[in-house]
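# Coordinates in review
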Amino acid sequence: MSNVNWVTFTIVLALFCVVTLVGFAAARWRRAENMMHLHEWGLGGRNFGTFIAWFLLGGDLYTAYTFIAVPAAVFGAGAVTGFFAVSYTIIVFPIALIFLPRLWSIARTHSYVTSADFIRGRYGSRGLSLATAFTGILALLPYIALQLVGIQAVLTVMGVGTSSHNRYVNDLPLFVAFAVLAIYTYVSGLRAPALIAFIKDTLVYVMIIVAVLYIPTRVGM
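These figures come from a predicted structure and were not determined experimentally. (Residues numbered from 1 in each chain as written. Predicted model: local features only at pLDDT ≥ 70, side-chain atom pairs only at ≥ 80, totals over all residues. Heavy atoms only, no water.)

Moving on, we get to the nonpolar core. Core analysis: the biggest nonpolar cluster contains six residues, these being Val-19, Ala-26, Val-180, Tyr-184, Ala-192 and Ile-196. When residues of this core are traced back to their parent elements, those giving at least two are α10 (172-188) and α11 (191-213). The next biggest cluster of nonpolar side chains, apart from the first, holds five residues, and it includes Val-4, Leu-155, Val-160 and Leu-174. (Core = buried A, V, L, I, M, F, W, Y, C linked by side-chain atoms within 4.5 Å. Buried < 20%, exposed > 50% of the residue type's maximum accessible area, 1.4 Å probe, protein only. Helix = DSSP H or I, 4+ residues; strand = E, 2+ residues; numbered from the N terminus.)

In structure tokens form, the structure reads like this:
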């Protein structure tokens, strides 16, 4: 533990505890009659308004991918490798703004929860809806792995998990973080990331303010 940056570690640990408490407390926020219903667990009971949804989307869009993976790709392999994210965003957002409102309207009318539900209702094919659900799960696995790599990078910068030659010991903090995340997500469903998004987005704003106002003074600009 001699390599640990204790100031940074203390701040991150405090934030981790706050996020964990909020994640578990979210189960009592707008309490569901039965959390075992998929629309309660996966959609927050369909009770999120524009304000909450805005924060939730911000928390989903600005992740370790945004702040670590893309800048690292640009730094390590050049602009051609990393700037695909810029063009990708420019293309995806207009498409989403055109088609998703209509999809939302149909899903609300027919009480669809997942894309597989929509496919089943639209085409009447159980096999196609199952393939859609399975494809969605597979597509998310690399993204989850990317978030874990981002967490590992943050831990490494703090000096956590670098003192032992045992790989499992070094990765233990990552396993703990992932286990806590998985448990409060299971307990609270979408309510957990919705509440945590308020904390995350606030930290993003603080980071932007620091980057714009403080960092230039440190590099002589």
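Our next topic: the pattern of salt bridges. Side chains that differ in sign of charge can pair as their charged atoms come close. Inspection of the entire model under this criterion finds one salt bridge. Across the pair Glu-40 and Arg-191 runs a salt bridge whose closest N-O atoms are separated by 2.9 Å. Remark: Arg-191 occurs in helix α11 and Glu-40 occurs in helix α2 (residues 38-43); sequence separation between them is 151 residues. Across the pair, Arg-191 and Glu-40 agree in class, each one buried. (Salt bridge = Lys/Arg side-chain N within 4 Å of Asp/Glu carboxyl O.)

Quick look at the side chain of Ser-188 now. Checked against the element boundaries, Ser-188 lands in helix α10. Given the relative accessible area of 0%, Ser-188 is considered buried. In this structure the side chain of Ser-188 is engaged in a polar contact, spanning 3.2 Å, whose partner is the backbone nitrogen of Ala-27. Contact partners of Ser-188, with chain neighbours within four places excluded, come to Gly-23, Phe-24, Ala-26, Ala-27 and Met-35. (Polar contact = N/O pair within 3.5 Å; in protein donor to acceptor, adjacent residues only side chain to side chain. Contact = heavy atoms within 4.5 Å.)

This part is about the environment of Leu-56. When you line up the elements, Leu-56 lands in helix α3 (residues 50-61). Between the C-alpha atom of Leu-56 and that of Ala-194, which follows or precedes it by 138 residues, the distance is 5.0 Å. Ignoring any residue separated from it by four or fewer positions in sequence, one finds Leu-56 in contact with Phe-48, Leu-190, Pro-193, Ala-194 and Ala-197.

Attention now moves to the packing of aromatic side chains. Evaluation of the coordinates by the stated rule reveals five aromatic pairs. A ring pair is formed by Phe-24 and Tyr-184, whose centres lie 6.0 Å apart and whose planes are at 75°; its orientation type is edge-to-face. A residue pair is termed long-range when its members are at least 10 positions apart, and Phe-24 in helix α1 (residues 6-25) and Tyr-184 in helix α10 qualify at 160 residues. Residue class for Tyr-184 comes out buried when judged on its relative accessible area of 9%. Ring geometry for Phe-51 versus Phe-198: centroids 5.9 Å apart, planes at 45°, classification tilted. Of this pair, Phe-51 sits in helix α3 while Phe-198 sits in helix α11, placing them 147 residues apart in sequence. Taking NZ or CZ as reference, Arg-122 lies 5.2 Å from the ring centre of Tyr-123, over its face. (Phe/Tyr/Trp six-rings, centres within 6.5 Å; stacked < 30°, edge-to-face > 60°. Lys NZ or Arg CZ within 6 Å of the ring centre and 35° of its normal.)

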